[in-house]
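Observations on chain architecture
Here are the chains, one letter per residue:
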Amino acid sequence: MACKRGALIVLEGVDKAGKTTQCKQLVQALQQSGRPAEMMRFPDRTTTIGQLISAYLEKKSDLEDHAVHLLFSANRWELVPLMRKKLEQGITLIVDRYAFSGVAFTSAKPGFCLDWCMKPDVGLPKPDLVMFLQLSPAEAALRGQFGEERYETKVFQGVVQQKFEQLRKDPSVNWQVIDASQSVEDVHKNITTHSLNTVEAAQNLPVGELWK
Ligand code: Z5A
């Protein structure tokens with residue numbers, strides 16, 4: 001007898017918006033309320049593909065821009081069988097970055113358009129909810145300096161922010177913009193409310209296909 005499926009919930013946002021902090025707290029809150037939940041993050045640096053990506057982000061290797069975009073996408077696809085299995089088992093997945101980061105970061109590079117960047121991720125499991133943690137560059141700066149990894153510069157992050165804005169205009173995706181400048185506790189309350197509604201709504205619906 002099939003059980004009710006888990007929801008696929010994604011947190012997106014620019015650098016230092018608090019995605020990881022909120023993903024962890026949300027998983028805990030769902031578990032404590034008796035709803036099975038697990039966290040995933042992309043890139044998943046533990047796989048063979050993820051290790052190539054990690055070396056690239058840490059600037060230990062250089063990869064051609066199209067090639068690394070396809071690796072980020074392949075890193076999601078390789079986890080799809082596991083994601084589907086967990087969702088079918090009734091486990092809600094809280095995902096730290098997904099295809100939207102893939103598109104926003106690559107399309108922020110010269111010579112790339114959104115359309116080309118979206119293609120490799122067409123058909124991925126479609127999130128039931130994507131929460132975009134909105135934070136201005138000035139507020140992000142208060143949370144510390146940028147790190148040493150690739151992409152961690154003010155100018156590049158500004159272009160990434162604009163690309164996310166373009167992606168959020170797509171009505172086929174259930175976007176919720178969250179004010180990430182509030183305290184950790186207030187952001188958590190807001191995110192939990194949206195997530196509980198989504199977990200209830202998703203349980204009797206099939207998993208959709210992204211951008212199809
Ligand atoms: N990338 C890509 O190019 N293509 C793809 O397909 C994918 C990703 C999936 C992965 O970085 C890089 O890969 C990323 C995009 C690119 N590049 N960049 N930039 P990552 O996943 O390893 O790391 P990250 O996602 O960049 O982490 P982050 O953005 O730096 O952090 P965060 O998860 O949003 O925030 P946090 O770690 O939870 O919090 C940051 C700090 O702020 C920390 O000190 C917290 O204590 C503090 N914080 C959090 N919330 C608050 C509030 N509410 N108030 C005050 N302070 C707070």
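Residues numbered from 1 in each chain as written. Predicted model: local features only at pLDDT ≥ 70, side-chain atom pairs only at ≥ 80, totals over all residues.

**Brief notes about the environment of Leu-52**
Applied cut-off: Comment: elements are numbered from the N terminus, with helices defined as DSSP H or I runs of at least four residues and strands as E runs of at least two. Put plainly, a residue is buried at 20 or more neighbouring C-beta atoms within 10 Å of its own, exposed at 12 or fewer, and partly exposed in between, counting only other residues' C-beta atoms, which are placed from the backbone.
Note on placement: Leu-52 falls in helix H2 (residues 48–57). Using a count of 19 C-beta atoms within 10 Å as the deciding quantity, one classes Leu-52 as partly exposed.

**Here we look at the UniProt feature "domain: Thymidylate kinase-like" (unreviewed entry) in the protein**
This is how it is decided: UniProt positions are given in the numbering used here, feature names are shortened, and annotations may be inferred rather than shown by experiment.
The positions UniProt marks with the feature "domain: Thymidylate kinase-like" (unreviewed entry) are residues 11–191. Secondary structure content for residues 11–191 is 48% helix and 13% strand, and the end C-alpha separation is 9 Å.

**Here's the deal with the environment of Asn-75**
As a reminder, the rule being used: In this description, a residue-residue contact is defined by the distance between C-beta atoms placed from the backbone, which must lie within 7 Å.
The topology assignment puts Asn-75 in helix H3 (residues 65–77). Its 21 C-beta neighbours within 10 Å are what place Asn-75 among the buried residues. In this structure, the C-alpha to C-alpha distance between Asn-75 and Gln-51, residues 24 residues apart in sequence, is 9.9 Å. Leave out the neighbours within four places in its chain, and Asn-75 touches Phe-42, Pro-43, Asp-44, Thr-47, Ile-49, Gly-50 and Ile-53.

**Remarks on the environment of Lys-60**
By secondary structure assignment, the location of Lys-60 is in the loop between H2 and H3. Separated by 89 residues in sequence, Lys-60 and Glu-149 have C-alpha atoms that sit 9.9 Å apart.

**Remarks on the sheet that holds strand E5 (residues 175–179)**
Put simply, the rule reads: At least two bridges found by DSSP between two strands are what make those strands a pair. Under this scheme, a helix contributes an axis fitted over its contacting stretch, all axes are lines through C-alpha atoms, and angles between N-to-C directions fall in the 0 to 180 degree range.
Across the sheet, 5 strands lie side by side as E2-E3-E1-E4-E5; this open sheet has parallel pairing. Unpaired on one side and paired on the other, strand E2 (37–41) and E5 mark the two borders of the sheet. Adjacent strand axes in the sheet meet at a mean angle of 25°, parallel and antiparallel pairs treated alike. Where strand E1 (residues 8–13) and strand E3 (residues 92–96) come together, 4 bridges link them in parallel fashion. Paired with Leu-8 across the strands is Leu-93, a residue of E3. Running at roughly 170° to strand E4 (residues 129–134), helix H9 (residues 184–202) makes contact with E1, E3, E4 and E5 of the sheet.

**Points about H9**
Note on helix geometry: an α-helix contains 3.6 residues per turn, so any two residues three or four positions apart are oriented the same way. Heads up, the condition is: Given a helix with a known number of residues, its expected span is that number minus one, times 1.5 Å. Each direction from the helix axis to a C-beta atom contributes to the arc, which is the arc of those directions.
Over its 19 residues, H9 runs 26 Å from end to end, which matches the ideal 27 Å to within 8%, given 1.5 Å per residue. Of all the residues in H9, the buried ones are Val-187, Ile-191, Ser-195, Thr-198, Val-199 and Ala-202. Relative to the axis of H9, the buried residues are bounded by an arc of 100° and lie together on one face. Of the exposed residues in H9, the ones pointing more than 90 degrees away from its buried face are Glu-185, Lys-189, Thr-193 and Glu-200. For H9, the secondary structure elements touched by its buried residues are E1, helix H1 (19–32), E3, E4 and E5.

**A word on the site of the ligand**
Put simply, the rule reads: In this text, near has one meaning. A residue is near a molecule or strand if its C-beta atom, placed using the backbone, is within 6 Å of it.
Around the ligand sit 22 residues, and of these Gly-18, Thr-21, Phe-72, Gly-102 and Phe-105 come closest. Of all elements in the fold, only H1, helix H5 (99–107) and H9 reach the threshold of two or more residues within the shell around the ligand.

**Side note on the packing of H3 against H5**
Rules: Throughout, the term roughly parallel applies to angles under 35 degrees, roughly antiparallel to angles over 145, roughly perpendicular to angles from 65 to 115, and oblique to all others. Three classes are used: nonpolar for Ala, Val, Leu, Ile, Met, Phe, Trp, Tyr, Cys and Pro, charged for Asp, Glu, Lys and Arg, and polar for all others, with Gly counted as polar.
One can describe the packing of H3 onto H5 by two numbers: an axis separation of 10 Å at closest approach and a directional angle of 175°. In this view, H3 runs roughly antiparallel relative to H5, as classed from their interaxial angle. Along its contact with H3, which presents Asp-65, His-69, Phe-72, Ser-73 and Arg-76, the element H5 presents Ala-99, Gly-102 and Thr-106. Residue composition of the contact of H3 with H5, by class: 2 nonpolar, 4 polar and 2 charged.

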